[in-house]
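Architecture and fold: a report
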Amino acid sequence: MNNIRKQRLQLEYPLNARKPDILWTLMSTDHGLERWIADRVNEEDGVMELTWGELWGEHHTMHARILEREKNSHIRLQWTDEQDPDAFWEMRIGRSELTEQVCLCVTDYTWPEDIDDLHDLWDGNIERLHQSSGL
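Residues numbered from 1 in each chain as written. Predicted model: local features only at pLDDT ≥ 70, side-chain atom pairs only at ≥ 80, totals over all residues. Heavy atoms only, no water.

1. Section: the pattern of salt bridges
The final tally for this structure, using the stated rule, is 7 salt bridges. Put simply, R5 and D84 hold a salt bridge, and the shortest N to O gap is 3.3 Å. Placement of R5 in the segment before β1 (7-14) and of D84 in the loop between β5 (74-79) and β6 (89-95) is noted, with a sequence separation of 79 residues between them. Overall, R5 belongs to the partly exposed group, its relative accessible area being 48%. Using a relative accessible area of 11% as the deciding quantity, one classes D84 as buried. Overlapping salt bridges bring together E68, R76, E90 and R92 as one network. (Salt bridge = Lys/Arg side-chain N within 4 Å of Asp/Glu carboxyl O. Helix = DSSP H or I, 4+ residues; strand = E, 2+ residues; numbered from the N terminus. Buried < 20%, exposed > 50% of the residue type's maximum accessible area, 1.4 Å probe, protein only.)

Here it is, written out as structure tokens:
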């Protein structure tokens, strides 16, 4: 049995949001997530279906079960095919202790050799969030 476990990645992104309401909509709803996480998002019965690419062409679809969702606070999800029961991904609304600026705090898990790729993926997601919403 392999003893290597997924590594936890924690990131904090300062945003230009005065109130968490808009950010909450962007991180917790189908329409909001389609603006910056995936090309198509559908939620049904507590499971998010995320699709990248065009449905009629080349695409990739994954499903994430919603483990926790607290309005204007956080959403925690776990991929339905996740083998590690402790691995999840979470987006949490926070505030910088120094500047009081609203931040998006991300927790995610991946294999140690993929940690840089996951960091780059979230950086790209945040760039799309900035471009699509001005946050």
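And the narrative resumes.
2. Re the environment of E49
Mapped onto the elements, E49 comes out in strand β3 (residues 47-53). Note on E49: relative accessible area 30%, which makes it partly exposed. Taking the C-alpha atoms as reference points, E49 and A64, 15 residues apart in sequence, are found 6.6 Å from one another. Not counting chain neighbours up to four residues away, the residues in contact with E49 comprise R40, V41, N42, T61, M62 and H63. Within polar-contact distance, the side chain of E49 engages the side chain of H63 at 3.1 Å. (Contact = heavy atoms within 4.5 Å. Polar contact = N/O pair within 3.5 Å; in protein donor to acceptor, adjacent residues only side chain to side chain.)

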